[in-house]
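Below, each chain spelled out in residue letters.
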Amino acid sequence: NYTYANSKAQTADRRDIRLQGQAEHTANASLAYDFRGLTLRGSVNYNGAFTTTLAENADRDIINEARMQVDLSAQFRFQKNWRVFAEMVNVNNAPQ
């Protein structure tokens, strides 16, 4: 899944700025494997850079940098009512 967002905003002091809090590019993807009680899943989430706080000029804006997060999970069902699972969130230690 991919989203491209283009916006134009203005304040009393500035023109042609991107809408606060809106990243230009966002994307996510997942891959899963399921076979005989074993389930493996991986997902990647990307969020482009975006402005969190507008200042008097662009040099003083507070920007959240682009980030990509990878999550993994595994599950094994070894009897009808018994499962073992593990989940790893933010495996690549992306900044929050």
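Residues numbered from 1 in each chain as written. Predicted model: local features only at pLDDT ≥ 70, side-chain atom pairs only at ≥ 80, totals over all residues. Heavy atoms only, no water.

Draft legend 1. Highlighting the pairing of strand β3 (residues 38–47). Bridge count for strand β2 (residues 25–35) against β3 is 10 bridges, and the pairing is antiparallel. For Ala29, the partnering residue across the bridge sits in β3 and is Val44. Both β3 and strand β6 (residues 67–79) contribute to a ladder of 10 bridges, which runs antiparallel. Its bridge partner being in β6, Gly42 is matched across the sheet by Leu72. (Pairing = 2+ DSSP bridges. Helix = DSSP H or I, 4+ residues; strand = E, 2+ residues; numbered from the N terminus.)

Draft legend 2. Quick peek at a nonpolar patch on the surface. On the surface, Phe76, Phe78, Trp82 and Val84 cluster together into a nonpolar patch covering about 430 Å² of accessible area. Among the elements of the structure, β6 and β7 (82–88) are those that each provide at least two residues to the nonpolar patch. Mapped onto the secondary structure, Phe78 falls in strand β6. (Patch = residues over 30% accessible without salt bridge, like charges linked within 9 Å, V, L, I, M, F, W, Y side chains within 5 Å. Areas by Shrake-Rupley, 256 points an atom, 1.4 Å probe, with all protein chains shown as cover. Salt bridge = Lys/Arg side-chain N within 4 Å of Asp/Glu carboxyl O.)

Draft legend 3. Structural view of the side chain of Asp61. For Asp61, the position within the fold is in the loop between β4 (50–53) and β5 (62–64). One polar contact links the side chain of Asp61 to the main-chain amide nitrogen of Ala55, over a distance of 2.8 Å. Leaving out residues up to four positions away in the same chain, Asp61 has contacts with Arg14, Thr51, Thr53, Leu54 and Ala55. (Polar contact = N/O pair within 3.5 Å; in protein donor to acceptor, adjacent residues only side chain to side chain. Contact = heavy atoms within 4.5 Å.)

Draft legend 4. Layout of the sheet that holds strand β1 (residues 2–4). Taking strand neighbours across the sheet as the criterion, the five strands line up as β1-β2-β3-β6-β7 in an open arrangement whose pairing is antiparallel. Each end of this open sheet is capped by a strand with a single partner; those strands are β1 and β7. Put simply, the sheet's adjacent strands are angled 10 degrees from each other on average, direction ignored. (Axes fitted to C-alpha atoms, helices over the stretch in contact; angles between N-to-C directions.)

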